[in-house]
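Residues per chain are reported as follows:
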Amino acid sequence: TGSEKQGAKAFYVTTPIYYVNDAPHLGHAYTTVAGDVLTRWHRQRGEKVWYLTGTDEHGQKIMRTADANGVTPQEWCDKLVEEAWKPLWEHLDIANDDFIRTTEKRHTDRVQEFVQDLYDKGEIYKGGYEGPYCVGCEEYKLPGDLIEDEQGTKLCPVHKKPVEILKEENYFFKLSEYGPKLLEFYEANPDFIQPESARNEVLNFVKQGLQDLSISRSTFDWGIPIPWDDKHVIYVWVDALLNYATAVGYGSNQEKFDETFPANVHLVGKDILRFHAVIWPAMLMAQGLPVPGKVAANGWLMVGGEKMSKSNLTGIKPQDLTSHFGVDAYRWYFLRAIAFGSDGSFSWEDFTARYTSELANDYGNLASRVAAMVGKYFGGALPEATAAGDAEQAVRDGLAKAVAEADRKIGEELDFQGGILAIFDFVKQVNGYITEQEPWKVAKDDSDEGRARLATILYTAAESLRAVAVLLNPIMPDTSQKLWDSLGAESVLGALAEQTVDSAATWGLLPTGATVTKGAVLFPRLEEPKKD
Ligand code: ME8
């Protein structure tokens with residue numbers, strides 16, 4: 001703790017800013033929880049961190065939704081942000097440092113300056129364009145990317161809805177000129193796009209040659225005006241991508257900007273990969289600004305073989321799952337069950353099975369058994385480990401391995417599943433250790449030697465749990481706090497928030513004499529499963 005360096009570059013992570021045409025669903029929560037775990041992990045390394053999320057409020061999609069509901073777009077956005085989006089992030093314990101809305105003046109003013117700058121530099125020109133447009137994606141599609149229904153109607157491949165033919169006189173950004181520079185950049189930075197499949201998709205796309213990007217719209221007015229021609233509004237995606245800069249002081253707070261920008265990781269769904277891995281770096285290159293460290297694309301949560309979306313509502317809201325399984329189990333489940341970057345499906349059965357076996361049995365029971373035995377055999381005062389041998393050394397080695405693996409996988413590789421498994425393998429190891437050591441049998445031996453063995457076994461188990469509480473804190477903060485309290489760790493080691501990944505790996509920090517109590521049940525027995 002306290003190792004944050006003044007003036008050092010923050011580890012800066014972003015989520016997409018979500019469209020507020022509807023309330024958030026499981027898919028949005030998936031990306032946002034992943035970002036929260038990633039940033040909490042880095043905070044726990046003692047790093048300075050900045051975690052940004054927010055909402056994308058301009059464009060036709062929002063305008064049409066507001067119209068259909070008989071309110072102004074601004075009224076619609078205000079309502080959805082305050083009543084649906086912010087409350088869900090609070091409910092899910094998301095520790096974002098800022099929340100940017102693209103209708104805020106701190107954003108709109110800077111977007112106009114950015115675009116004006118590009119115009120002055122000759123990067124933007126006026127031209128005409130006609131092509132198929134998907135309002136769901138807010139994107140012109142290439143004819144070759146469209147799919148057809150049985151009647152031969154051209155459909156957007158993502159939304160499976162008819163595209164509209166849009167013809168506009170627009171301003172264009174000279175994106176086509178950035179192809180070679182981008183390819184050179186991808187080559188020099190093989191980790192820029194994650195996973196490999198996403199990287200390949202982008203490389204192939206850019207190698208085919210880029211078209212210039214239409215960056216204004218003149219057929220509707222819900223957007224930021226083009227500063228030199230107010231009959232046009234700025235294309236919603238150009239507006240949206242700039243949030244990553246405007247939210248951290250671009251053009252307004254140079255010190256903050258230098259300390260934060262560019263993002264180390266932009267978390268995105270694979271549906272918006274090209275915007276982040278092609279258009280965004282090109283916009284930054286055009287402006288002479290540094291490009292991000294990584295664009296990490298998560299896969300899709302699927303339902304019935306289709307991407308879960310606002311229009312294809314599953315009927316399952318995040319709140320339905322948290323009220324049944326609890327917030328912590330919810331945060332854990334999707335990262336545990338689905339390899340980040342791959343698609344995955346949700347089912348009540350799978351969640352229930354994993355909750356019961358991994359959370360309640362493996363983790364929850366371990367915590368309650370150990371606390372109960374320290375209570376029963378030592379009156380709740382953590383005894384000293386004076387008789388450690390090979391079995392204890394194996395536990396210590398297991399912990400060292402788990403910390404190193406989890407740190408690399410979660411902190412560096414964004415392999416949340418692998419990191420969680422490394423920690424839970426250690427939980428299993430400690431369970432196995434207790435089963436083998438049979439403390440309840442050792443307890444029958446009243447000799448000094450017997451007492452020393454019993455003390456050593458229980459110390460080893462409790463100290464292991466101390467480390468587990470720290471390691472799982474970024475993923476299940478509420479549960480870790482309960483465990484921390486049950487181990488009596490707060491009064492001797494300080495707040496859980498002050499613990500570090502290094503401290504998790506340091507054996508022996510929980511002092512002898514710590515007051516261990518049988519605390520709150522970590523994972524209560526589930527009610528009868530709901531039906532979907
Ligand atoms: O695209 N599975 O906003 P959006 C996994 N405003 N992740 C999913 C998902 C699913 N089924 N559905 C949504 C936009 N997501 C733009 C972004 S950024 C400058 C502008 C997640 O409301 C995933 O992260 O459509 C996806 O990229 C994002 O929500 C799209 O949210």
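Rules behind the numbers
Residues numbered from 1 in each chain as written. Predicted model: local features only at pLDDT ≥ 70, side-chain atom pairs only at ≥ 80, totals over all residues. UniProt positions renumbered as here; feature names shortened; annotations may be inferred. Pairing = 2+ DSSP bridges. Helix = DSSP H or I, 4+ residues; strand = E, 2+ residues; numbered from the N terminus. Near = placed C-beta within 6 Å. Nonpolar A, V, L, I, M, F, W, Y, C, P; charged D, E, K, R; others polar. Contact = placed C-beta atoms within 7 Å. Axes fitted to C-alpha atoms, helices over the stretch in contact; angles between N-to-C directions. Buried ≥ 20, exposed ≤ 12 C-beta atoms within 10 Å, placed from the backbone.

Per an unreviewed UniProt entry, the chain goes by the name Methionine--tRNA ligase and belongs to Streptomyces lavendofoliae. Per its UniProt entry, the chain bears the Function (unreviewed entry) comment "Is required not only for elongation of protein synthesis but also for the initiation of all mRNA translation through initiator tRNA(fMet) aminoacylation."

Attention now goes to the sheet that holds strand β12 (residues 225-226). To summarise the sheet geometry, strands pair through backbone hydrogen bonds and adopt either a parallel or an antiparallel arrangement. Across the sheet, 3 strands lie side by side as β11-β13-β12; this open sheet has antiparallel pairing. The sheet terminates laterally at β11 (216-217) and β12, the two strands that pair on one side only. The pairing of β12 with strand β13 (residues 229-234) spans 2 bridges and is classified as antiparallel. Bridge pairing in β13 places P225 opposite V233.

With respect to spatial proximity, 22 residues lie near the ligand, and among them G27, T31, D56, G269 and M308 are the closest. For the shell around the ligand, the secondary structure elements donating two or more residues are β1 (11-19), α1 (26-44), α7 (236-241) and β14 (265-269). Looking at the shell around the ligand residue by residue, the classes come out as 12 nonpolar, 7 polar and 3 charged.

A few words now on the environment of A443. Along the chain, the position of A443 falls in the loop between α16 (439-442) and α17 (448-472). Separated by 94 residues in sequence, A443 and E349 place their C-alpha atoms 40 Å apart. Among residues more than four places away in sequence, those in contact with A443 are Y377 and L454.

If you walk across this open sheet you meet the 6 strands as β3-β2-β1-β14-β15-β9, and the pairing is parallel. Two strands lie at the open edges of the sheet, namely β3 (98-101) and β9 (193-194), each paired on one side alone. Note: β1 against strand β2 (residues 49-56), 7 bridges, orientation parallel. Bridging from a neighbouring strand, F11 pairs with V49 of β2. Here helix α10 (residues 273-287) sits on the sheet and contacts β9, β14 and β15 (295-298); the angle it forms with β15, its principal contact strand, is near 165°.

Each full turn of the α-helix corresponds to 3.6 residues, which orients residues three or four apart in the same direction. Within the span of helix α2 (residues 60-68), buried status applies to Q60, K61, I62, M63 and A66. Tucked inside the fold, the buried residues of α2 contact β1 and α3 (73-91). Two residues or fewer after α2 comes G70, characterised by a positive phi angle close to 70°.

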